[in-house]
Amino acid sequence: MITIHEITKRFWAGGAQVLAVDHLSFAVGRGEVYGLLGPNGAGKTTTIRMIVGLLRPDAGYAEVAGYRTSQSPDEVKARVGLVSANDGVYPWLTVREMLLFFADLYGVSTVAARDKLETLADLFQLRSLLHRRCSLLSTGQRQRVTLARALIHSPPVVLLDEPTRGLDVLGSQVVIDYVRQLRDEGKALIVSTHRLDEAERLCDRFGLLHQGQLRHEGTLEELRAATGCNTLVDMFRSFFQPAQVAT
Ligand SMILES: Nc1ncnc2c1ncn2[C@@H]1O[C@H](COP(=O)(O)OP(=O)(O)OP(=O)(O)O)[C@@H](O)[C@H]1O
Ligand SMILES: [Mg+2]
C-alpha cells in the first residue's frame, strides 16, 4: 500500500548541507501499523512529508496504492490522511465549518461528509466543540480536530506524525484505540512517535531511523533477537547515545 524506494532528501541549513533522509526504503501493507521511530532529527517528519507530496525528494520515490507521489500527486492526496504537528487548523472557521470545508476539498459529497462528521465528532469527543472557532481550542482539542480532519475523506492510508502529542491519557487512548480500528479495517498506517511504550503496544512492525537511514527493521520480536534488547527504550539507549544523535 505504501512503498518508499531509496528516497533521499538534503536540506541547506546555516550554510551546511543536511542529509535528512538517506536512500531510505521500506514498505507498509494493508492492515499494518508501521512505527517510524528515531531520535530528534532522524528524518521521520521529512519522510512522511515526502510520502504525501509536501516535500519533493532529491532521489528515489514514494508510492501510495500504486500511485507515485511525484507523478500523481492528486491521486496520492485523495488516498492519504495526514496528522502532523505542524498542521494548523484554520483559526477563523468553527470546527464544523473546517471539517466540512476539508470534506469538500477532498470531493466528499455533502451527505457523506455530514455522516462522517457525526461519526468523527462522537469518536474524538468533538460534539461540544463543533461550533467553537478553531483559534479558541486548547492544544489537545486542536489535535483531536486535526485527527478528525485527516480522516474526513476515509483515506486508505493514514500517516500520523506524533498523533498523541499534547493529548492527555484519555485522549491518547482514544487515538490508540482508533489506530487499531483503522488497522482492523485494512488501512495502512505509519505512526511516528516518541512515546515508545505506546509504539510497542500499537505497531506491528518498526523502522528504527537514525540520520536518515534505517538502523533496524522488524517486529518487536525480530528487533529483540537482532539487538539483544528487550524494550524499544533499551534499544534507543543502546543505539542512539547522545554523542551519536544528530543535532
Ligand atoms: N526545511 C528544512 N530546512 C533545513 N533543514 C531541515 C528542514 N526540515 C528538516 N530539516 C533537518 O532535517 C533533519 C531531519 O528533520 P526531521 O524534521 O525529519 O526529523 P524528525 O525525525 O521528524 O525529528 P523530531 O523527532 O524532532 O520531530 C534535521 O536535521 C532537521 O534539522
Ligand atoms: Mg518530526
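Now for a description of the structure that goes with this document. In this text the structure is predicted, and so the values were computed from the model without any measurement. (Residues numbered from 1 in each chain as written. Chains lettered and ligands numbered in written order. Predicted model: local features only at pLDDT ≥ 70, side-chain atom pairs only at ≥ 80, totals over all residues.)

### Thoughts on the site of ligand 1
(1) Moving on: The environment of ligand 1 is made up of 13 residues, and the closest members are Phe11, Ala20, Asn40, Thr45 and Thr46.
(2) Moving on: Elements with a minimum of two residues in the shell around ligand 1: β1 (2-13), β2 (16-28) and α1 (44-52).
(3) Moving on: Per element, the largest residue contribution to the shell around ligand 1 is three residues, and it comes from α1.
(4) Moving on: When the residues that make up the shell around ligand 1 are grouped by side-chain class, the tally is six nonpolar, six polar and one charged. (Near = placed C-beta within 6 Å. Helix = DSSP H or I, 4+ residues; strand = E, 2+ residues; numbered from the N terminus. Nonpolar A, V, L, I, M, F, W, Y, C, P; charged D, E, K, R; others polar.)

### Examining helix α4 (residues 110-123)
The α-helix advances 3.6 residues per turn, and as a result positions three or four apart in sequence lie on the same side.
(1) Moving on: If you check α4, its first and last C-alpha atoms are 20 Å apart, about what 14 residues at 1.5 Å a residue would give, namely 20 Å.
(2) Moving on: Within α4, the full set of buried residues consists of Ala113, Leu117, Leu120 and Ala121. End-on, the buried residues of α4 take up no more than an arc of 100 degrees, which puts them together on one face. For α4, the exposed residues set more than 90 degrees away from the buried face come down to Val111, Asp115, Glu118 and Asp122.
(3) Moving on: Next to the buried residues of α4 lie α3 (95-105) and α5 (139-151).
(4) Moving on: Where α4 terminates, the next one or two residues include glutamine 125, which has phi positive at roughly 50 degrees. (Expected span 1.5 Å × (residues − 1). Buried ≥ 20, exposed ≤ 12 C-beta atoms within 10 Å, placed from the backbone. Arc of directions from axis to C-beta. Contact = placed C-beta atoms within 7 Å.)

### A look at the pairing of strand β9 (residues 205-210)
(1) Moving on: Within β9, five of the six residues are buried, which leaves it mostly tucked inside the rest of the structure.
(2) Moving on: The pairing of strand β3 (residues 32-37) with β9 spans four bridges and is classified as parallel. Directly across from tyrosine 34, in β9, lies its bridge partner arginine 205.
(3) Moving on: Both β9 and strand β10 (residues 213-218) contribute to a ladder of five bridges, which runs antiparallel. Opposite histidine 210, over in β10, you have glutamine 213 as the bridge partner.
(4) Moving on: Hairpin geometry of β9 and β10 is characterised by an intervening segment of two residues between the two adjacent antiparallel strands and by a positive phi of about 50 degrees at glutamine 211. (Pairing = 2+ DSSP bridges.)

### Quick word on the sheet that holds β1
(1) Moving on: Overall, antiparallel pairing links the four strands, which are arranged β2-β1-β4-β5 in an open sheet. Where the open sheet ends on each side, the last strands, each with one partner, are β2 and β5 (67-68).
(2) Moving on: Pairing geometry for β1 and strand β4 (residues 59-64), over five bridges, is antiparallel. When the sheet's bridge partners are listed, threonine 8 is paired in β4 with alanine 59.
(3) Moving on: Across the sheet, α1 is in contact with β1, β2 and β4; its angle to β1 comes to roughly 120 degrees. (Axes fitted to C-alpha atoms, helices over the stretch in contact; angles between N-to-C directions.)

### Some remarks on α3
(1) Moving on: Along α3, the residues classified as buried are Val95, Met98, Leu99, Phe102 and Ala103. Projected down its long axis, α3 shows its buried positions confined to an angular sector of 135 degrees, all on one face.
(2) Moving on: At its buried positions, α3 is contacted by α4 and α5.

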